[in-house]
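What the coordinates show
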Amino acid sequence: MEEIREIAQKFERYSAHSHITGLGLDENLRARDIGGGLVGQKKAREAAGIIVRLIREGKMAGRGILIAGPPGTGKTAIAVAISKELGKDIPFVQVSASEFYSSEMKKTEALYQTMRKAIGVRIRDTRRVLEGEVVELDYNMVPNPYNPTQKIPESATITLATKSEKRRFSVGSRIAMQFMYAGITKGDVIVIDKETGRVTRLGKSSSAKKFDIGDEDVVEVPDGTVEKDKEFTYVVTLHDLDEARARRSTIFSLFSSESREIDNEIRQAVDEQVKDWIEQGMAELIPGVLFIDETHLMDIELFAFMNRAMESEMAPIIILASNRGFARIRGTDEVSPHGIPLDLLDRLLIITTEPYSREDIRLIIETRAAEMGLLIDESALEKLTEIGASNSLRYAIQLLAPANELAKIRNSSKIEVEDVERAEQLFADVSKSSAYLKEWEEKMLS
Ligand code: ADP
């Protein structure tokens, strides 16, 4: 278990969708006009609600979801909402299919790693620990046998205090070295794992902290006894475990690079380890959501690989998104709906999203502004709605933040129409920026 606690798990956040907290359905799975941060798109939301139930009942095993609809119609938003409905700690991984093609690894390897990033393992572990505020720490220093000009701690004595007791310990050089490296001083609250000797610093004790320097973590002095059983839970992903094991078992750890291929043997060993933990009641698997945008960029090999991987018991929930109608399946001459092979299409439940009405666009922008804590004038909102309808919703939403800065520069607490207009002049949307470069390229050629 030791290697696990070294992994700090952080799920990426998607700020463009931070307003989304769920699908916004009532108890009969009917979509509210506004709910969970979502507006309109009711049929798709209700279908997604059914899918959430199927997932919970284990009836989506070996199957996937396809969300088909024009750009900016909330395909990503609905996928985020599905993961929110499934519960907290659910990994959500968003990729564009183009990201599978890189020079660093085989495309199927990239897909496999991404799939494993979308599967969480919640690990419960009870450890015997010593926990308390450091009230005394003395090192017994001796010359370093390898470098006599240096001194290293041969041992140390430490006194740990909780609110109700104080205990004094002597520790050997390995733990004493950890104290030194971690810069532990009086007033810190620390945890020492009794079995492994690992030292973790929790922060500065609230009683010892007299000056407010920096933004250091302040923690309470613990209650109860110094020695106790403490339960830890961690959520890590299968990919984290793969990497941790690969790091330990290959010489390449010396030149550790961020992205590299992982041996299948390593993944098998990780799977077995995780199964063991699950059997012993120490862990549970939390399949997350893998959202793959621009599915038409996947080629036949990737599709075949995914088809097989979906059948494995350790597969995430796969949501594909497509904004193409019929397209050629990459790597073949075949044309199929969404550029997806038929055998995979057979396994997909398909949801469609529709272009938003003007009122929906207006409401989405309004909701978004409210969530960002922005005040917006009626005519400015109207202008953004127009931009959302004629350009793209995504662009209209992106203009909110710069428009608000422009309002602040005018000493106004409210976004007015002039701020929106100026933001629109300053910032291009994708179609404007690409059209500009295209025009310029044509000039250069002639
Ligand atoms: P797509 O994935 O179809 O291209 P997105 O989900 O990225 O579209 O939508 C663009 C932006 O609009 C995102 O910021 C998204 O959160 C927001 N959005 C889309 N649909 C809705 C909706 N029905 N309610 C609220 N916000 C939405």
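Residues numbered from 1 in each chain as written. Predicted model: local features only at pLDDT ≥ 70, side-chain atom pairs only at ≥ 80, totals over all residues. Heavy atoms only, no water.

Quick word on the overall build of the chain
Test applied: Helix numbering and strand numbering both begin at the N terminus, where a helix is a DSSP run of H or I of at least 4 residues and a strand a DSSP run of E of at least 2. Whether a residue is buried, partly exposed or exposed follows from its accessible area with a 1.4 Å probe, protein chains only, as a fraction of its type maximum: under 20%, in between, or over 50%, in that order. In this description, accessible areas are obtained by the Shrake-Rupley approach with a 1.4 Å probe, and a residue is regarded as covered only by the protein chains that are shown. Neither His nor the chain ends is counted toward charge; the positive residues are Lys and Arg and the negative residues Asp and Glu. By convention, charge coordinates are those of NZ in Lys, CZ in Arg, CG in Asp, or CD in Glu.
Counting its secondary structure elements, the chain contains 13 helices and 19 strands. The C-alpha extent of the chain, read off along each of the three principal axes, is 75 × 60 × 60 Å. Looking at the chain as a whole, 46% of its 446 residues are labelled buried. Put simply, the chain shows about 24000 Å² of open surface, and 50% of that area lies on carbon and sulfur atoms. Here the chain contributes 61 positive and 74 negative side-chain charges, whose respective centroids are spaced 2 Å apart.

Focus: the domain arrangement of the chain
Just so we agree on the cut-off: Domain delimitation in this document rests on an assignment produced automatically or drawn from a domain database. In this analysis, two residues are considered to be in contact whenever any of their non-hydrogen atoms come within 4.5 Å of each other. We define a salt bridge as a contact between a side-chain nitrogen of Lys or Arg and a carboxyl oxygen of Asp or Glu at a distance within 4 Å.
Structurally, the chain comprises domain 1 (34–118 + 288–352), domain 2 (125–233) and domain 3 (357–439). Taking the mean C-alpha position of each, domain 1 and domain 3 sit 30 Å from one another. At the interface, 4 residues of domain 1 touch 6 residues of domain 3. Between domain 1 and domain 3 we count 0 salt bridges in total.

Some points on the site of the ligand
Formally: Near, as used in this document, describes a residue that has one of its heavy atoms within 4 Å of the molecule or strand being considered. Residue classes follow a fixed rule: Ala, Val, Leu, Ile, Met, Phe, Trp, Tyr, Cys and Pro count as nonpolar, while Asp, Glu, Lys and Arg count as charged, and any other residue, Gly among them, counts as polar.
Taken together, 21 residues form the shell around the ligand, and within it V39, G72, T76, Y356 and R394 come nearest. Across the complex, the protein chains shield 97% of the 560 Å² of accessible surface that the ligand would expose by itself. Every element with two or more residues in the shell around the ligand is listed here: β2 (38–39), α2 (75–86), α9 (358–371) and α11 (393–409). Broken down by class, the residue content of the shell around the ligand amounts to 11 nonpolar, 7 polar and 3 charged. Counting contributing residues per domain, the shell around the ligand is built from domain 1 (34–118 + 288–352) and domain 3 (357–439), each supplying no fewer than three.

Let's talk about the packing of aromatic side chains
Rule in force here: Pairing of aromatic side chains requires ring centres within 6.5 Å, counting the rings of Phe and Tyr and the six-membered ring of Trp. Pairs whose planes differ by under 30 degrees are stacked, by over 60 edge-to-face, and all others tilted. Note on criteria: charge over ring means Lys NZ or Arg CZ within 6 Å of the ring centre, with the direction from the centre no more than 35 degrees off the ring normal.
According to the stated counting rule, one finds 3 aromatic pairs in the structure shown. On the numbers, 6.4 Å between centres and 20 degrees between planes, the contact of F92 with F291 is stacked. One end of the pair, F92, is in strand β4 (residues 92–96); the other, F291, is in strand β13 (residues 289–293), with 199 residues separating them in the sequence. Residues F92 and F291 agree in their burial class; the two are buried. Summarising the aromatic geometry, the rings of F232 and Y234 are spaced 6.3 Å apart at their centres and angled 5 degrees between planes, so their arrangement reads as stacked. In this structure, R330 packs its charged tip against the face of Y101, placed 4.8 Å from the ring centre.

Considerations on the sheet that holds β13
Inclusion rule: Strands are labelled as partners when DSSP assigns at least two bridges between them. Only the contacting stretch of a helix is used when fitting its axis, a line to C-alpha atoms as for every element, and angles between N-to-C directions run 0 to 180 degrees.
Judged by pairing direction, the sheet is parallel, and its 5 strands sit side by side in the order β4-β13-β14-β3-β17 without closing on themselves. Strands with a single pairing partner mark the edges of an open sheet, and in this sheet they are β4 and β17 (348–352). Taking the axes of each pair of neighbouring strands and ignoring which way they run, one obtains an average angle of 20 degrees across the sheet. One ladder, built from 5 bridges, connects β4 with β13; its direction is parallel. In the sheet register, F92 faces β13, and the bridge partner there is V289. The sheet strands contacting α2 are β3 (64–68), β4, β13 and β14 (317–322), and the helix crosses β13 at an angle near 175 degrees.

Some details on the packing of helix α3 (residues 107–117) against helix α6 (residues 264–279)
Applied cut-off: By the definition adopted for this analysis, an angle is roughly parallel if under 35 degrees, roughly antiparallel if over 145, roughly perpendicular if from 65 to 115, and oblique otherwise. Each crossing gets its handedness from the near helix: less than a right angle anticlockwise from the far helix is left-handed, clockwise is right-handed.
The N-to-C vectors of α3 and α6 enclose an angle of 15 degrees; their axes lie 13 Å apart at closest approach. In terms of their interaxial angle, α3 and α6 are classed as roughly parallel. Judged by the sense of rotation from one axis to the other, the crossing of α3 with α6 is left-handed. Contact residues: E109, Y112, Q113 and R116 in α3; N264, R267, V270 and D271 in α6.

Structural notes on the environment of F100
Mapped onto the elements, F100 comes out in the loop between β4 and α3. Considering only alpha carbons, one finds F100 and F291, 191 residues apart in sequence, at a separation of 13 Å. Leave out the neighbours within four places in its chain, and F100 touches V95, K107, A110, L111, T114, I292, M298 and L302.

Here's the deal with unusual backbone geometry
In this model, L29 sits at a positive phi of 60 degrees, which is unusual for a non-glycine residue. With respect to the helices and strands, the residue L29 is situated in the segment before β1 (34–35). Although it is not a glycine, H338 adopts a positive phi angle of roughly 60 degrees.

Some points on the pattern of salt bridges
Tallied over the full model, the rule gives 39 salt bridges. The partner of R30 in a salt bridge is E46, and the shortest N-O contact between them spans 3.6 Å. Linking R30 in the segment before β1 with E46 in helix α1 (residues 42–56), this pair joins segments that are 16 residues apart in sequence. According to the relative accessible area criterion, R30 is exposed, its value standing at 51%. Given a relative accessible area of 19%, E46 falls into the buried group. A salt bridge links D299 to K107; its shortest N-O distance comes to 2.5 Å. Residue D299 is found in the loop between β13 and α7 (300–309), and its partner K107 is found in helix α3; the two are separated by 192 residues along the sequence. The exposure class of D299 is buried, given its relative accessible area of 9%.

Some details on the confidence of the model for the chain
To keep things clear, this is the line we draw: Every residue is assigned a pLDDT by the predictor, reflecting its confidence on a scale from 0 to 100.
This prediction gives the chain a mean pLDDT of 88; 92% of its residues lie at or above 70. Across residues 1–14 the pLDDT falls below 50, and counting only partners more than four positions away or on other chains, this stretch makes 34 contacts in the model. Here the prediction assigns the complex a pTM of 0.72, and the interface score ipTM is 0.75.

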